[in-house]
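# Fold and contact review
Here's the letter readout for the chains.
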Amino acid sequence: MILEVAILHVKKNQEIEFERDFALAGKHISSTTGYIRHSLQKCVEQSNKYLLLVEWNKLEDHTVGFRESDAYKDWKRLLHHYYDPFPIVEHFEMIFTNP
């Protein structure tokens, strides 16, 4: 399992619209082969800062399968205009977990 992590800085005063459009965008990412689940968390200290976590079966499910799909075009259309600056996306694999 691969965990995609992105810190999203949303333009000030656009948080409500972003959250609404993010809910719509969820159907596009979740339709992708290899997608497991995703969550969006809002920063307590900074109201326009979010943490996006997406679980994928393997890295290529995100970097190729999703990023080269029509679903990504819809995701991008709904969300990318909210970011300033554009987020850095990183991928992590599990080394240890405490059951």
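For the structure itself, look to the data block above.
Residues numbered from 1 in each chain as written. Predicted model: local features only at pLDDT ≥ 70, side-chain atom pairs only at ≥ 80, totals over all residues. Heavy atoms only, no water.

You can see K27 is positioned in helix α1 (residues 15–29). Through-space distance from the C-alpha of K27 to that of Y83 is 20 Å; in sequence the pair is 56 residues apart. (Helix = DSSP H or I, 4+ residues; strand = E, 2+ residues; numbered from the N terminus.)

What follows deals with the nonpolar core. L8, F18, I29, L52, F66, W75 and L79 are the most contacted members of the largest nonpolar core, which totals 20 residues. Broken down by secondary-structure element, the contributors of at least two residues to this core are β1 (2–9), α1, β3 (49–56) and α3 (70–79). Tallying contributions element by element places α3 first for this core, with five residues. Those residues in contact with F66 that lie beyond four places of it in its chain are H28, I29, T32, W56, D61, A71, Y72 and W75. (Core = buried A, V, L, I, M, F, W, Y, C linked by side-chain atoms within 4.5 Å. Buried < 20%, exposed > 50% of the residue type's maximum accessible area, 1.4 Å probe, protein only. Contact = heavy atoms within 4.5 Å.)

Once that is clear, we can look at α1. Every α-helix winds through 3.6 residues per turn, so residues three or four apart in the chain are directed the same way. Here α1 contains 15 residues, and its C-alpha end-to-end distance of 20 Å stays within 8% of the 21 Å for a straight helix at 1.5 Å per residue. Most pronounced at A23, the bend in α1 amounts to some 30 degrees. Among all positions in α1, only E15, F18, D21, F22, A25, G26, H28 and I29 are buried. Along its buried surface, α1 packs onto β1, β2 (35–42), β3, α2 (59–66) and α3. (Expected span 1.5 Å × (residues − 1). Bend = angle between axes of the 7 residues up to and from the residue.)

Before going further, it helps to examine the packing of α1 against α3. What describes two packed helices is the angle between their axes and the distance between those same axes. Packing of α1 against α3 leaves a shortest axis separation of 9 Å and a crossing angle of 180 degrees. On the basis of the axis angle, α1 is roughly antiparallel to α3. Contact residues: α1 offers F18, D21, F22, L24, A25, G26, H28 and I29, while α3 offers A71, D74, W75, L78 and L79. Split into classes, the residues belonging to the contact of α1 with α3 amount to nine nonpolar, two polar and two charged. (Axes fitted to C-alpha atoms, helices over the stretch in contact; angles between N-to-C directions. Parallel < 35°, antiparallel > 145°, perpendicular 65-115°, else oblique. Nonpolar A, V, L, I, M, F, W, Y, C, P; charged D, E, K, R; others polar.)

Of the consecutive residues D84 and P85, the connecting peptide bond is found in the cis state with omega at 5 degrees. Examined against the element boundaries, P85 turns out to sit in the loop between α3 and β4 (89–93). Even without a glycine there, the phi angle at N13 is positive, about 70 degrees. Summarising the element assignment, N13 is placed in the loop between β1 and α1.

All right, on to the sheet that holds β4 then. Spatially, the four strands line up as an open sheet ordered β2-β3-β1-β4, and their pairing is antiparallel. Each edge of the open sheet carries a strand with a single partner, namely β2 and β4. With direction set aside, neighbouring strand axes in the sheet form an average angle of 20 degrees. By the bridge criterion, eight bridges tie β1 to β3 in an arrangement that is antiparallel. Within β3, the residue paired with I2 across the bridge is W56. Helix-sheet contacts for α1 involve β1, β2 and β3, and the interaxial angle to β2 is about 175 degrees. The sheet strands contacting α2 are β1, β3 and β4, and the helix crosses β4 at an angle near 150 degrees. (Pairing = 2+ DSSP bridges.)

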